[in-house]
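Geometric and topological summary
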Amino acid sequence: MTNLLEVQHLEKSFGEHQVLKDINLQVEPGEVLSIIGSSGSGKSTLLRCINLLEQPTSGTINFHGDNILATKFDVATYRAKVGMVFQSFNLFNNLNVLQNCVVGQTTVLHRNVIAARKTALEQLAKVGMTPYVNAKPAQLSGGQMQRVGIARAVSMNPEILLFDEPTSALDPEMVDDVLDSMRALAHTGLTMILVTHEMAFARDISDHVVFMDLGVIAEEGTAEEIFSHPQEARTQEFLKRYLNRV
Amino acid sequence: MHQRRNLLIFLGMLFFTLLTVPTVTSHAADETFKVGMEAGYPPFNWTQNDASNGAVKIQGTSTYAGGYDVQMAKKVAKSLGKKLVIVKTEWDGLSPALTSGKIDAIIAGMSPTPQRRKAIDFTDTYYKSQLVVIVRKDGKFTNAKSLKDFKNAKLTGQLNTFHYTALDQIKGAIKEPAMKDFPSMRVALESGTIDGYVSEKPEGISVTNADPNVKMIELKGNNGFKTNPEDTDLAIGVRKGDADKLKIDHALAKISQSQRDDLMDQAVAQQPQSGNKQENWFIAIFQQYGGMLLRGTGVTLLISMVGTIVGFMIGLLIGILRTIPKTGSVLRRTCLKVVDWLLSVYIEVFRGTPMIVQAAVLYYGAAQAFGWNMDRLVAALLIVSINTGAYLAEIMRGGIMSVDDGQFEAAHALGMTHLQTMFKIILPQAIRNSLPAVTNEFVINIKDTSVLSIISVSELFFSGSTIAGQNFQFFHTYLVICLIYLVLTFTITRILRFVERKMDGPQNYNLMANQDQVTTPTAS
Ligand SMILES: Nc1ncnc2c1ncn2[C@@H]1O[C@H](COP(=O)(O)OP(=O)(O)O)[C@@H](O)[C@H]1O
Ligand SMILES: [Mg+2]
């Protein structure tokens, strides 16, 4: 089976500080990949390298076999196919909920407004945000904002969706709404890369799990392998800390 | 003849159409002689509340017009055998009123310049002004009889007038720097920093009436200044080909020079501000100078509004240019750096120098260096725009940079280009955030356009100075000006607050029960 996304020997340094070291990853279409690891291990940086919010220092990233780091590569078109859901939501403050989900479609995908609104409303309905289409981001709770964030990303019909700790900034009672929306998305067969500290959720929906530590992939395997039979001591250590906390 | 006469016509019209007193014209009454004047330019013409001193009722109002022009008009009408009707008309509306037949003649202290002669005809001179020198009665030059007697006298004149250039005709005089207005020269004369200043006879008569310590030196014939009739003559404007022109010339010929001098002396003595006090100074100022004040307010508002809007656009453009990420090829980065450097030079220069100096440099400098005779209003608009642009550039840059990085990232993550991100996401927020600063700039501009009086733009402060120079009521006049500024800035602030609230959208949102409901109300 061909890989949708392939990361090889990826390195990223901020000045002297090497944050990612020799990262190798494959993501198949329809796969859900979870990335776990302690804070500062480089998970966000990896996601940001994948959609080119950060420029990798070396290595290659292939999308459908095309090298996205090549100079002539069309970054904007690529990014339109790679959705991103942020920890801090990053909804456009000047636009209301509906416009947030429409603006990318009209400006980047050049969809007409009617079609874009239709798609946006469908996606907002799926995350249960239809009643709030006229609200501005500042008028919403965190959980509501994140569901809009998901609808905004999905409205672009991405081939792969990246989540960077989508529930970390939320009050506990709002987490489930967001996780439900994500679960529903996973069931549609959308390819997802998910950075999360929600271990139970990751275990539940992931096909593949990567454990990162200090900028390297310390261990990877199926959800079952990583969560039930971790091989590495640092994985065991990490999971123990998280399970105790739960 | 008078400096303010040359100023800005085209934009002024915009504001003045409102003010021009609507005149009812009846072409049927052939027996009337309709004369247009401002009724606000003493001693030539002014408005008063009664018929004293031979004043004539102003058509369509309950006020009366007095002054030298009115007395002349009466004489001319009499010899034409027609009934005199005075039509109060704004300065800029006089010529159109004449050509369109609303009035039959302009008797309004107008000089027959070649420019005006293109549109209308002029009769012979009805008043010949003459240059005089105003000195202290107890000074060294009080007995001067000819230009030669002013050897070693420290003399000056009003900036940018033929009065000042005429000083060159006095050999051996010390030509002091030109001054902005007559009040300044009067103060300078009183304080002894100058020995005298060049003026015109009507002003001279006014000042000698008002101030017993000064004396007007009239210089006769070859002992006096040589002047250009274009500058000193006043004539009656009539329609081209008007058959009455000859009759008017004939009538004027019958009024001797001494009669004219007497009429002027009377007019100066009778002009409303020199003595007979109005009941209420506040109302009096508005009655007498309402048009001038409104004109000044209009010009101030126009300059500050256009200046702020254009400056805002300049600032926005620079803000955008300066926040382009300096990435990509070496060439691109170098270009961006050069542009960035040039823009910061612009910002530093215009933020680091006073606007009054910039205005003077641009206006006089351009004329001097390149021979560009810029329109004063254009120069004013240019300076205020460029100046505001320099201030707002930094504000807009700050506004753009204060937008959370997450907004850029989310937009980029959707695949938007830098420009799309700017226009759809960042700028709306940056503009909204900097709106209070823009409001502030607007308010500052309303006040700071007053420095443009340096280039004689007839904005509100300039109008105020002009009025104060005529009525000698400095305190009262500036109090009125002050009040107008306050009303302007207060109103502008409220309006822009309203705009801010409008941009923020409704405080509350409506919950939508279902999708069908949504489709109608939110057009995006
Ligand atoms: N823009 C940056 N400049 C410098 N250092 C950074 C930057 N972004 C992240 N880092 C560093 O990279 C390391 C990994 O960060 P991050 O990828 O955010 O970790 P995680 O998401 O796993 O918590 C951290 O030590 C962080 O300080
Ligand atoms: Mg992170």
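What counts and what doesn't
- Residues numbered from 1 in each chain as written.
- Chains lettered and ligands numbered in written order.
- Predicted model: local features only at pLDDT ≥ 70, side-chain atom pairs only at ≥ 80, totals over all residues.
- Heavy atoms only, no water.
- UniProt positions renumbered as here; feature names shortened; annotations may be inferred.
- Near = heavy atom within 4 Å.
- Polar contact = N/O pair within 3.5 Å; in protein donor to acceptor, adjacent residues only side chain to side chain.
- Areas by Shrake-Rupley, 256 points an atom, 1.4 Å probe, with all protein chains shown as cover.
- Helix = DSSP H or I, 4+ residues; strand = E, 2+ residues; numbered from the N terminus.
- Salt bridge = Lys/Arg side-chain N within 4 Å of Asp/Glu carboxyl O.

If you look chain B up in an unreviewed UniProt entry, it shows as ABC transporter permease subunit from Lapidilactobacillus mulanensis. The UniProt entry for chain B carries the following text under Subcellular location (unreviewed entry): "Cell membrane".

Labelled according to an unreviewed UniProt entry, chain A appears under the name Amino acid ABC transporter ATP-binding protein, originating from Lapidilactobacillus mulanensis.

1. Section: the site of ligand 1
All names here are of chain A. In the neighbourhood of ligand 1, the contacting residues comprise Phe-14, His-17, Val-19, Ser-38, Ser-39, Gly-40, Ser-41, Gly-42, Lys-43, Ser-44 and Thr-45. In this structure, Gly-40 approaches ligand 1 through a main-chain N or O atom, which is 2.7 Å from an oxygen atom. Between an oxygen atom of ligand 1 and a side-chain N or O atom of Thr-45, the distance comes to 2.4 Å. When ligand 1 sits alone it has 560 Å² of accessible area, and the protein chains cover 61% of it. Secondary-structure elements contributing two or more residues to the shell around ligand 1 are β2 (17-27) and α1 (43-50). Top contributing element to the shell around ligand 1 by residue count: α1, with 3 residues.

2. Points about the UniProt feature "transmembrane region" (unreviewed entry) in chain B
When the UniProt feature table is mapped to this numbering, "transmembrane region" (unreviewed entry) covers residues 301-321, 341-364, 376-393 and 475-496 of chain B. A helix fraction of 88% and a strand fraction of 0% characterise residues 341-364 of chain B, whose end C-alpha atoms lie 28 Å from each other.

3. Thoughts on the pattern of salt bridges
Residues and elements named next belong to chain B. Enumeration over the complete set of coordinates arrives at 21 salt bridges over all chains. Lys-240 serves as the salt-bridge partner of Asp-121, at 3.8 Å between the closest nitrogen and oxygen. Note that Asp-121 is positioned in strand β7 (residues 121-128) and Lys-240 in the loop between β13 (233-238) and α9 (244-253), a separation of 119 residues in sequence. Note that Asp-244 and Lys-247 form a salt bridge whose closest N and O atoms lie 3.6 Å from each other. Here Lys-247 and Asp-244 lie together in helix α9, a separation of 3 residues that amounts to about one turn.

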